[in-house]
Amino acid sequence: MSILSIGVSGLNAAQAGISTTSHNISNVNTPGYSRQQTVQTTNTPLFSGGGYFGQGVNVASVQRAYDSFLVAQTREAQTQSTQLDGLSAQLKNIDNLMADPSAGVSPMLDNLFSAFNTVSASPSDPASRQGLISAAQTLASGFSNLSSQLASFGDQANASVTQAVSTMNTDSAQLAQLNQQITVATAGGQQPNDLLDQRDALLQDMSKQARISVVNSPDGSVNVFLGNGQPLVLGSQQNQLTAGPDPSDPSQTIVGITSGGKFQAFNSADVTGGAIGAAFAFRQTLQQTQNGLGRIAASLAQSINAQQEVGQDLNGNPGTDFFSAAGPQVLGSTNNTGSATVGASVSNYAALTASDYKLAYDGTNYTVTRLSDNTQQSFASMPQTVDGVTISLSGTPAAGDSFLIEPTRNAASTFKSLLTDPNQVAAAFPVRAGSGTSNGGTGAAQVTAVTPPANANVSQPVNIVFTGPNTFNITGTGTGNPTGLTYTPGMTISYNGWTATLSGAPASGDSFNVGPNTGGSGDNSNIKALANLQLAKTMGGGTASFSDAYATMVSNVGNQTAAAISGASAQQTVLTNATSAQQSLSGVSLDEEAANLLKYQQAYQAASKVISTADTMFQSILQVISAG
Amino acid sequence: MRISTSMIFDLGSGSMSDAQAALFKTQEQMSSNRRMLSPSDDPAAASTALKVSQGIAVTKQQQDNQSAATNTLSQAESALGSTSDLLQSATQLLLSGQNATMSQGDRNAIVAQLQGMQQQLLTLANSRDGAGGYLFAGYSENTQPFTQGTGAVTYNGDDGVRSLEVAPGRNMDVSSGGADTFMRIKNGNGVFATGAGSANTGGGTIDSGSVSNPAALTGHAYQLNFSVSGGNTTYDVVDTTTGTSVSTNNAFTPGASINLAGQQFTISGAPAAGDSFTVSPSSNQSVFQMLADGIAALSNGSLSSSVRTSQVNAAVANMYQAQDKISLARAGLGSNMNEVTTLTSISASAVTSQKTRLGDLTDLDYAAATTQLSEQQTALQAAQQTFGKVTKTNLFSYLA
């Protein structure tokens with residue numbers, strides 16, 4: 001009797017083994033699946049006088065090959081890897097945009113200045129002037145094209161945050177449900193392996209969206225938190241995330257929750273990892289690039305306008321603005337409670353940086369933070385000038401109010417070429433020098449520079465009269481009429497915004513006059529001054545030309561992209577290693593399962609043999625009885 | 001280590017896609033001849049390449065300026081060359097008209113020739129460049145610089161000098177106003193001018209003289225008044241600037257040089273009593289006026305032969321001054337043209353070396369890339385073959 005039941009127990013155990021093996025083989029490609037195995041134990045032995053007789057086998061449980069440490073490690077590696085992959089993929093967009101050496105802003109700048117130069121060779125030629133107008137328009141459309149592409153990358157980053165939040169919500173809803181099922185299933189004392197695997201797969205998927213922390217509860221459920229302890233799932237209860245506008249800059253989508261119908265944003269710095277972390281990290285480079293491009297556009301417009309305005313166009317009028325570009329943008333936080341409005345204007349273009357600034361008021365002091373490196377300056381009052389930007393404030397701020405100041409964000413996207421008439425190019429100076437007709441000496445006077453800002457007296461007639469070979473007097477409006485000045489050949493004199501060079505050997509009684517450049521259509525002085533801006537160090541506090549600044553921006557993007565790519569590839573290795581370690585333990589090996597199949601098959605055949613033996617024995621006894 | 005089936009597949013497909021990505025990148029590099037496909041491939045070189053490209057653009061601008069400068073300079077040079085030839089012919093004609101044996105009719109023929117030259121001179125001074133601008137108008141290149149008024153030519157241009165950057169930091173003057181070349185020419189010998197009184201009756205003529213002692217120059221105007229008594233010719237010297245007498249009753253020897261306040265000149269022939277000669281500091285005159293004065297001397301039939309000779313002498317001296325002035329201007333243009341020629345070859349080699357540098361930064365080393373390509377091909381094939389082999393060895397394939 002007991003032989004039969006022992007055989008049956010073996011048969012059952014082998015069948016359970018085959019069943020589990022089949023389950024493993026079937027799920028060889030199921031993501032997150034952990035291979036399972038039956039745990040067999042011997043039945044309680046039966047005591048007889050001759051000792052303890054074994055009573056066969058029973059299947060105590062089905063266990064999955066699982067190590068919570070390895071799974072957590074894989075999850076962390078995954079969240080970092082997704083962030084770096086996403087970051088490098090998005091940065092490659094900017095990188096590729098800057099890649100073409102013949103189509104970027106740099107050759108357009110070169111073309112603009114070449115066009116200035118062409119006008120300087122023949123200042124009254126309408127064709128070269130038209131060429132300049134066209135080069136200026138090409139540059140303007142280059143700036144706006146580049147900035148609209150950058151803006152579209154920003155939109156993509158916003159969309160990827162929204163997408164990630166929606167995936168996160170779907171996952172956390174499923175997870176809350178699974179938690180409930182698992183709690184119920186665990187109450188029976190056995191682990192619901194497949195449900196647990198499904199939950200791990202969900203957690204893995206969530207960690208692709210953002211870094212989460214997972215805490216196990218005694219009832220078998222897990223609690224999931226985002227960032228700085230914001231609960232996503234507590235047992236069977238799910239908290240919905242919301243993607244919404246950043247209160248300090250509504251154009252940026254960030255993560256928060258909706259509570260009482262109002263969007264409550266999380267601190268962006270607290271949400272890291274995954275697709276959301278990638279979008280947040282990408283934005284920093286994107287904004288730096290937008291600001292960097294804007295800084296070049298703003299400085300270019302300002303420098304060229306300033307020189308153009310002191311010049312004289314072909315119609316004899318003072319030059320008008322060549323380009324326009326939007327000034328600084330100030331955004332008050334939507335959480336502000338005070339009545340203050342903040343204005344910002346650029347007072348020193350050379351000092352501009354590519355950073356944004358945050359102005360915060362704590363009830364007593366104003367703190368201006370440069371966001372690129374978090375350098376802070378504290379002021380008791382406004383207005384103040386920081387890095388060339390003058391920040392003014394009107395109204396009354398409340399403690400805790402903050403404002404975001406973007407000095408150059410929109411300069412490139414709004415950059416426009418204003419001149420349409422080739423005659424409006426101010427190629428000439430409004431003033432020129434001449435020699436008296438009866439001059440006996442070999443002296444000559446030449447106006448060599450007219451420098452911004454425009455001077456109202458610039459074209460006023462000024463006379464330079466030599467009272468001896470080495471002394472001269474100056475008369476004219478705005479000069480102060482100095483007398484007895486000492487002459488040295490090659491000296492320069494500056495009045496009314498112009499600078500003139502006196503050279504040669506004037507004789508006593510010789511005179512030179514500086515006056516309006518009427519009909520000076522062949523004068524290329526101002527267009528040369530404009531062309532010289534190409535190499536002038538007008539940016540970065542007088543250390544960089546426009547193209548230097550652009551080259552720095554390109555290498556900055558290149559460096560950050562290269563760092564993200566190599567970071568992503570290193571992190572890929574970490575993820576591969578963590579996955580391998582986890583798969584090494586939990587993954588299904590078909591070879592192993594084949595062997596198990598054989599093993600359980602043989603056990604099953606052997607157990608069948610035991611039953612058949614027991615049957616034979618029983619038949620023997622029956623025959624004896626029936627024979628008797 | 002336990003190897004699960006998924007690890008074999010993941011590893012195999014991962015290494016194949018890595019090898020394929022590397023191969024693809026090399027292919028892209030080779031088909032575009034670019035070492036850097038995007039700045040991230042070599043950020044430092046990408047930024048340097050932008051600067052080198054700008055350097056090439058700037059050098060090209062300077063090359064453009066060099067050819068523009070050569071163009072303008074050679075046009076001005078050619079115009080001044082013709083002017084110089086013209087003035088030389090005019091001077092020869094003036095001298096030939098001085099010949100005392102000539103009739104007024106002969107002189108009138110010369111005058112007619114000279115008047116033609118006067119027109120030609122005006123045309124040359126109003127030369128235009130290829131784009132229609134006047135070459136010698138200064139900044140006012142669209143205003144005709146020299147116009148013939150009643151009796152005199154006026155200058156309507158200015159003294160603006162146009163320069164172009166033909167090399168880094170080298171601004172070369174390529175065109176300037178015509179006032180200095182055509183209008184502000186010192187008359188006489190460049191320091192002082194001599195003249196004979198228009199009412200002179202004697203046969204005395206004065207040459208243009210020269211400076212004998214620069215330190216003794218006073219800058220004053222003088223007049224020599226002749227008197228003849230008893231066959232003795234003497235002269236008094238008066239400083240007309242101050243109105244004071246300098247010396248009286250100086251003995252006169254025809255053809256002997258007279259020294260006066262550092263100025264040396266010769267009066268030949270026999271001045272009559274009451275004749276006078278003037279020696280005054282040079283003043284500025286236009287080349288047009290100088291030629292007109294010479295023509296006036298030849299065409300005025302009522303002048304005595306000696307007065308005409310003195311006036312023609314003065315006009316010829318003036319013409320030499322004008323020629324000097326134009327030669328000086330041509331020399332300036334010529335030396336600038338020479339400089340541009342030198343700069344042109346420097347710029348050409350600068351562009352070549354900058355392009356080489358840009359090529360080093362951005363272009364692909366094909367030899368290295370080809371080697372890399374075959375390495376990567378091998379790696380991909382190896383990955384594919386191992387994958388094929390490893391996935392084939394499965395226990396199930398041995399079970400019946």
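One structure accompanies this document, and this report is about it. (Residues numbered from 1 in each chain as written. Chains lettered and ligands numbered in written order. Predicted model: local features only at pLDDT ≥ 70, side-chain atom pairs only at ≥ 80, totals over all residues.)

On to the overall build of chain A, then. Counting secondary structure elements, chain A contains nine helices and 29 strands. Against the compact-globule benchmark of 25 Å for 628 residues, chain A has a radius of gyration of 41 Å, which places it well outside the compact range. For chain A, the spread of C-alpha atoms along the principal axes amounts to about 165 × 50 × 40 Å. Looking at chain A residue by residue over its 628 residues, the buried ones come to 45%. (Helix = DSSP H or I, 4+ residues; strand = E, 2+ residues; numbered from the N terminus. Rg over C-alpha atoms; globule rule 2.2 N^0.38 Å. Buried ≥ 20, exposed ≤ 12 C-beta atoms within 10 Å, placed from the backbone.)

Now for the overall build of chain B. Counting its secondary structure elements, chain B contains seven helices and 15 strands. Taken over the C-alpha trace, chain B has a radius of gyration of 41 Å; the compact-globule value for 400 residues is 21 Å, which it surpasses by more than 25%. With the principal axes as the frame, chain B shows a C-alpha extent of 160 × 45 × 30 Å. By residue count, 37% of the 400 residues in chain B fall in the buried class.

With that settled, the discussion passes to the packing of helix 8 (residues 546-586) of chain A against helix 2 (residues 43-97) of chain B. At a minimum axis separation of 8 Å, helix 8 of chain A and helix 2 of chain B run at an interaxial angle of 160°. On the basis of the axis angle, helix 8 of chain A is roughly antiparallel to helix 2 of chain B. Considering how the two elements wind past one another, helix 8 of chain A and helix 2 of chain B form a crossing that is right-handed. Packed against helix 8 of chain A, whose contacting residues are Ser547, Tyr550, Ala551, Thr552, Val554, Ser555, Gly558, Asn559 and Ala562 of chain A, the element helix 2 of chain B presents Pro43, Ala44, Ala46, Ser47, Leu50, Lys51 and Gln54 of chain B at the interface. Looking at the contact of helix 8 of chain A with helix 2 of chain B residue by residue, the class counts come to eight nonpolar, seven polar and one charged. (Axes fitted to C-alpha atoms, helices over the stretch in contact; angles between N-to-C directions. Parallel < 35°, antiparallel > 145°, perpendicular 65-115°, else oblique. Left-handed = near helix turned anticlockwise from the far one by under 90°. Contact = placed C-beta atoms within 7 Å. Nonpolar A, V, L, I, M, F, W, Y, C, P; charged D, E, K, R; others polar.)

Residues and elements named next belong to chain B. Spatial ordering of the open sheet is given by 6-14-9-10-11, a layout of five strands whose pairing is antiparallel. Of all the strands in the sheet, just strand 6 (192-196) and strand 11 (244-251) have a single pairing partner and so form its edges. Direction aside, neighbouring strands of the sheet carry axes that sit 20° apart on average. Pairing analysis gives eight bridges linking strand 9 (residues 222-229) to strand 10 (residues 232-239), with the strands arranged antiparallel. The residue bridging Tyr222 from the neighbouring strand is Asp239, located in strand 10. (Pairing = 2+ DSSP bridges.)

Tallying the contact residues gives 51 residues for chain B and 57 residues for chain A. Those elements that provide at least two residues to the side of chain B that touches chain A are helix 1 (5-32), helix 2 and strand 3 (162-167) of chain B. The greatest single-element share of the side of chain B that touches chain A, amounting to 15 residues, is contributed by helix 2 of chain B. Counted by class, the side of chain B that touches chain A contains 22 nonpolar, 20 polar and nine charged residues.

So, on to the sheet that holds strand 19 (residues 389-394) of chain A. All names here are of chain A. Within the open sheet, the three strands sit side by side as 14-19-18. Their pairing is antiparallel. What marks the edges here is a single partner per strand, and that holds for strand 14 (341-346) and strand 18 (384-386). Geometrically, the sheet is characterised by an average inter-axis angle of 30° between neighbouring strands, direction not taken into account. Sheet topology note: the strand 14/strand 19 ladder contains six bridges and is antiparallel. In the strand pairing of strand 19, Thr341 is matched with Ser394.

On to the environment of Phe618 of chain A. Residue and element names in this part refer to chain A. In this fold, Phe618 is placed in helix 9 (residues 590-627). On the neighbour-count criterion, Phe618 (13 C-beta atoms within 10 Å) is partly exposed. Put simply, Phe618 and Gln90 are 528 residues apart on the chain and 77 Å apart in space, counted from C-alpha to C-alpha.

In terms of nonpolar packing, the biggest core is built from 133 residues, with Leu112, Phe116, Val161, Ile276, Ala297, Phe415 and Tyr550 of chain A touching the most fellow members. The element best represented in this core is helix 4 (residues 126-186) of chain A, accounting for 17 residues. With residues near it in sequence (within four places) discarded, Ile276 of chain A still touches Val161, Ala164, Gln209, Ala210, Val255 and Val271 of chain A. Ala125, Val153, Val287 and Leu333 of chain B belong to the second-largest nonpolar core, a separate cluster that totals 62 residues. (Core = buried A, V, L, I, M, F, W, Y, C linked by C-beta atoms within 7 Å.)

With respect to the helices and strands, the residue Gln289 of chain B is situated in helix 5 (residues 287-299). Remark: the alpha-carbon pair of Gln289 of chain B and Asp275 of chain B, spanning 14 residues in sequence, is separated by 26 Å.

Turning next to the packing of helix 3 (residues 105-121) of chain A against helix 2 of chain B. As a packed pair, helix 3 of chain A and helix 2 of chain B sit with axes 10 Å apart at the nearest point and diverge in direction by 15°. Judged by the angle between their axes, helix 3 of chain A and helix 2 of chain B are roughly parallel. Between helix 3 of chain A and helix 2 of chain B lies a crossing whose hand is right-handed. Mapping the contact onto sequence places Ser106, Asp110, Ser114, Asn117, Thr118 and Ala121 of chain A in helix 3 of chain A and Leu50, Ser53, Gln54, Ala57, Gln61, Asp64, Asn65 and Ala68 of chain B in helix 2 of chain B. Taken together, the residues of the contact of helix 3 of chain A with helix 2 of chain B break down into four nonpolar, eight polar and two charged.

With that settled, the discussion passes to unusual backbone geometry. Residue and element names in this part refer to chain A. Here Met382 and Pro383 are connected by a cis peptide whose omega angle stands at 0°. One can find Pro383 in the loop between strand 17 (375-379) and strand 18. Cis peptide bonds are those with omega within 30 degrees of zero, and the linkage from Pro452 to Pro453 qualifies with -5°. Positive phi values are uncommon outside glycine, yet Asp387 reaches one of about 50°. Tracing the backbone through its elements, the reader meets Asp387 in the loop between strand 18 and strand 19. Note on Asp387: 17 C-beta atoms within 10 Å, which makes it partly exposed. The residue Asn481 is not glycine, and still its phi comes out positive at about 45°. With respect to the element layout, Asn481 can be found in the loop between strand 25 (471-476) and strand 26 (485-486). Given 12 C-beta atoms within a 10 Å radius, Asn481 is considered exposed.

With that settled, consider the pairing of strand 9 of chain B. All names here are of chain B. Between the antiparallel neighbours strand 9 and strand 10 lie two residues, among them Gly230 with a positive phi of about 60°. Two elements, strand 9 and strand 14 (residues 276-281), share four bridges in a ladder whose sense is antiparallel. Paired with Gln223 across the two strands is Thr278, which belongs to strand 14.

Residues and elements named next belong to chain A. The residue Ala115 is located in helix 3 in this model. Residue Ala115 is classed as buried on the basis of its C-beta count, with 25 C-beta atoms lying within 10 Å. Contact partners of Ala115, with chain neighbours within four places excluded, come to Gly131, Leu132 and Ala135.

In short, the description is geometric, and any link to function would need to be established separately.
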